[in-house]
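Chain by chain, the residues:
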Amino acid sequence: MNVQSVINYCTSLGYRDLENFAGENYLTVYNYMKRNYDGEKVNTLLIGSIFTCVAADGKFNDAEWKFISSFIGGYTYDEAFSVAGEFYNDEAQDIVRQLIELFPSDIAEAFICLCLAVLCVDGRVADYEGYFLNKIL
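Residues numbered from 1 in each chain as written. Predicted model: local features only at pLDDT ≥ 70, side-chain atom pairs only at ≥ 80, totals over all residues. Heavy atoms only, no water.

**Student:** When you look at the packing of aromatic side chains in this model, what are you seeing that I'm missing?
**Tutor:** One pair of aromatic rings is described through two measures. These are the centre distance and the angle between the planes. Per the stated rule, a full pass over the model turns up 10 aromatic pairs. Ring geometry for Tyr 26 and Tyr 30: centres 6.0 Å apart, planes at 10 degrees, overall stacked. Linking Tyr 26 with Tyr 30, this pair stays in helix H2 (residues 15-36), spanning four residues, or about one helical turn. An angle of 75 degrees between the planes, with centres 5.4 Å apart, marks the rings of Phe 103 and Phe 111 as edge-to-face. Across the ring face of Tyr 15, the terminal group of Lys 66 is positioned such that the distance to the ring centre comes to 4.6 Å. (Phe/Tyr/Trp six-rings, centres within 6.5 Å; stacked < 30°, edge-to-face > 60°. Helix = DSSP H or I, 4+ residues; strand = E, 2+ residues; numbered from the N terminus. Lys NZ or Arg CZ within 6 Å of the ring centre and 35° of its normal.)

**Student:** Help me understand helix H7 (residues 105-119) in this model?
**Tutor:** Two residues of an α-helix separated by three or four positions point the same way, owing to the 3.6 residues in each turn. For H7, spanning 15 residues, the distance from its first C-alpha to its last is 21 Å, which sits close to the expected 21 Å at 1.5 Å a residue. The buried fraction of H7 is high, at 12 of 15 residues. Taken together, the buried positions of H7 are Ile 107, Ala 108, Ala 110, Phe 111, Ile 112, Cys 113, Leu 114, Cys 115, Leu 116, Ala 117, Val 118 and Leu 119. (Expected span 1.5 Å × (residues − 1). Buried < 20%, exposed > 50% of the residue type's maximum accessible area, 1.4 Å probe, protein only.)

Written out as structure tokens, the structure reads:
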């Protein structure tokens, strides 16, 4: 998998297409995890991973909130901001890295694509997000 190619692809997409791309990859990972883990663990790991990606640059904006709300819903902006702050740490990033290592290659690729889509929602990958990518890949 060429990460830079996926980043270029994600940043070239319009909002709705990026949302669809992320949604397809989310469902791939979700369905795999649902078959292999208990339901609560699936939601905790996936939601936590998405918030970890959102928090990677230490910022939170309307586009990120709208984007993640399309997958996990149920959060006001303030709640999502608060939760993202809880995932702005090395431990959360290590869990994302461990999931990538744990998944079979096709699921890991879908998971990475989901993460990249979340990182690209603002049209670019910021320096801190690049650092996060280097850490998890």
